[in-house]
Amino acid sequence: MFYSGKPSFPKDFLWSAGTSAYQCEGAHLIHGKTLSVVEKNMNHKYADPSVASGHYEFWEKDVELMKELGLKAYRFSISWPRVLPKGRGEVNQEGIDFYSNLITKLKEYEIEPIVTIYHFDLPQCLQEEYGGWSSRKVIPDFEEYCQVLFDNFGQDVKYWITINEQSNMFQLPYLMEFNENLPLEKQKFEMNHIMTLAHSKAIHRLRKANPNAKIGPALGIIPNYPASPKPADILAAKHADDLRTYLFMDLYMKGSYKQSVWNYMIHRGVEPTIESGDMECIKSAKPDFLGINYYQSRVVKYIPSHIEEKELKLNYDGEDDDTQFENIPGLYEGAANPYTDKTRWDWEIDAEGFRYLLNDIYDRYEIPIIITENGLGTVDELTENNEIHDEERIQFLRDHLNQLHLAMKDGVDVWGYAVWSFMDLLSTSSGFRKRYGLVYIDRDDTDIKTLERINKKSFYWYQGVIASDGETLADSE
Ligand code: BG6
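Residues numbered from 1 in each chain as written. Predicted model: local features only at pLDDT ≥ 70, side-chain atom pairs only at ≥ 80, totals over all residues. Heavy atoms only, no water.

> For this particular structure, what's the right way to read the packing of aromatic side chains?
Aromatic ring pairs are defined here through the distance separating the ring centres and the angle between the ring planes. Under the counting rule described, the total for this entry stands at 25 aromatic pairs. Through pairs of rings, three or more aromatic residues link up here, namely Trp80, Tyr118, Trp133, Phe142 and Tyr145. Taking the ring centre of Tyr109 as reference, the NZ or CZ of Lys67 above it sits at 4.7 Å. (Phe/Tyr/Trp six-rings, centres within 6.5 Å; stacked < 30°, edge-to-face > 60°. Lys NZ or Arg CZ within 6 Å of the ring centre and 35° of its normal.)

Okay, structure coming up:
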């Protein structure tokens, strides 16, 4: 549809920015915190999580900057191993105090906390004890962790995200540990089922703890486009969407397995074990909203079944254009899009895809949406005057926000938007070389330097967007 006039967002729109615990806090093995699975497995060619952005130390300064920016909300995650260092049982009071102080300060500044319960950081001790997400033993432990959060922060936190990017958890190499002696695909679907149950239990717990609070998942979604008008490519894109997106969405929203995906799993002998009561538990845990993390779209083409299977290999250094797209022989293979620009890390830049995706998701599920992540990972250079002129990021955010606004005009119910990320943080794949923040952190992968916070040009640009309820999005400068 076509609309004219300046963009204007609702007065109560939650302009936000986000982070996650292991990517920004640091202090990863002190103050009572123990190691998480993602910290153990992340790309160690780059910075480690021991200091990250120094947020554990400088959180007050960071909240001051959030206030200066004019944020209406801040999305952050709580570290499970900081709160429950053994995964369950004894609570680390220092961890509780840290988050409690942060939430109090945010509330004082009228910045709404949006809290992610689980952002990739399973306590490593639970991985070692029973294989983490491969065992149903994780479900009561996760419930206990949720209960600790609801008991301690339930009065002050209105918005909860259960699990960040459940769909990506099974595709990227560093987010989960798998058993090398068992078939990988089967393990992934078993873990996905267990994680969906844990997500559902969290919703049921919150309903009891605080019926007025709102809760939902955050999914990382990449819409798949057919590589050509060939019917086989169009079907390939549908298959990719079903396996990579709608499997997860249908579980969350409809409480059932998408029939075509279920049949595919049965055919391959990789379907998860479903115990009595599982599907009832999942179906009755209807989320209040859906969080969407959007960075890119993807093109896929049909490939026949005799082609060799390929795994996704990421471009880690942002230099070589060496992404290898995954495939599923007989279904699809990823390909580059000749019509979009790419980031240094080969991610397709596709603002219109954002509007397309939002319309598609809303048509299917008719649920309120918050954009939980959207942003540009790139290399930022500090000038001699200690400034960062990140015009590329501004362009990315402006284009995406304009498309978001159009999607809202189309009728999609979106109530908030979080830039990824508030400050530079440890990119899980590429350390501090790949920066996302509105605030620069003075450090790099090898040198911790001063950790000084420096507002980038995008910080002041976003400040203007928030202050004008989005009207300045119409300005090109
Ligand atoms: C999302 C994650 O997948 O993408 C974030 O929720 C992450 O934690 C972001 O930082 C960007 O990915 P990357 O690999 O560039 O850090």
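> Help me understand the sheet that holds strand E6 (residues 224-226), please; the structure alone is not making it clear to me.
In a beta sheet, neighbouring strands are held together by backbone hydrogen bonds and run either parallel or antiparallel to one another. Strands sit in the order E6-E8-E10-E9 across an open sheet of four strands; the sheet is mixed. Every other strand in the sheet has two partners, leaving E6 and strand E9 (327-328) as the edge strands with one partner each. Two strands pair when backbone bridges link them, and E6 and strand E8 (residues 298-301) are joined in this way by three bridges, in the parallel orientation. Bridge pairing in E8 places Pro226 opposite Val300. (Pairing = 2+ DSSP bridges. Helix = DSSP H or I, 4+ residues; strand = E, 2+ residues; numbered from the N terminus.)

> Honestly, the environment of Leu206 in this entry has me stumped. Any pointers?
Topologically, Leu206 is positioned in helix H8 (residues 184-209). Each residue touching Leu206, except ones within four places of it in the same chain, is listed here: Phe150, Trp160, Pro211, Ala213, Lys214 and Ile215. (Contact = heavy atoms within 4.5 Å.)

> Is there a simple way to think about the site of the ligand in this case?
In the vicinity of the ligand there are 15 residues, among which Gln23, Glu165, Glu373, Lys434 and Tyr436 approach most closely. Within the side chain of Lys434, an N or O atom sits 2.7 Å from an oxygen atom of the ligand. Relative to its free-state accessible area of 380 Å², the ligand is covered by the protein chains to the extent of 94%. Here the residues of the shell around the ligand are counted per class, giving five nonpolar, seven polar and three charged. (Near = heavy atom within 4 Å. Polar contact = N/O pair within 3.5 Å; in protein donor to acceptor, adjacent residues only side chain to side chain. Areas by Shrake-Rupley, 256 points an atom, 1.4 Å probe, with all protein chains shown as cover. Nonpolar A, V, L, I, M, F, W, Y, C, P; charged D, E, K, R; others polar.)

> Could you clarify how one ought to interpret the side chain of Thr196 in this entry?
Of note, Thr196 is situated in helix H8. By relative accessible area, Thr196 is classed as buried at 1%. Apart from residues lying up to four places away in sequence, Thr196 is in contact with Gln166, Leu251 and Ile282. (Buried < 20%, exposed > 50% of the residue type's maximum accessible area, 1.4 Å probe, protein only.)

> Help me understand helix H14 (residues 457-467), please; the structure alone is not making it clear to me.
Think of an α-helix as 3.6 residues a turn; residues three or four steps apart then line up on the same face. Turning to H14, its buried residues number three or more, namely Ser458, Phe459, Trp461, Tyr462, Val465 and Ile466. On an axial view of H14, the arc spanned by its buried residues comes to 165°, and they lie on one face. In this structure, the buried side of H14 is in contact with strand E1 (14-18), helix H3 (55-69), helix H13 (391-410), strand E14 (414-420), strand E15 (439-441) and strand E16 (453-455). (Arc of directions from axis to C-beta.)

> How do you make sense of the nonpolar core when you look at a structure like this?
A general tendency of soluble globular proteins is for nonpolar side chains to be buried together. Counting 136 residues, the largest nonpolar core has Trp133, Phe142, Trp160, Leu404 and Tyr462 as its most contacted members. It is helix H9 (residues 231-253) that provides the largest number of residues to this core, a total of 11 residues. In terms of nonpolar packing, the next biggest core, distinct from the first, is built from nine residues, Leu14, Tyr159, Phe289 and Trp415 among them. (Core = buried A, V, L, I, M, F, W, Y, C linked by side-chain atoms within 4.5 Å.)

> Explanation requested: the side chain of Asn293 in the structure shown.
Here Asn293 is to be found in strand E7 (residues 290-293). A polar atom in the side chain of Asn293 sits 2.9 Å from the side chain of Glu165. Within polar-contact distance, the side chain of Asn293 engages the side chain of Thr372 at 2.7 Å.

These values are about where atoms sit, not about what they do.
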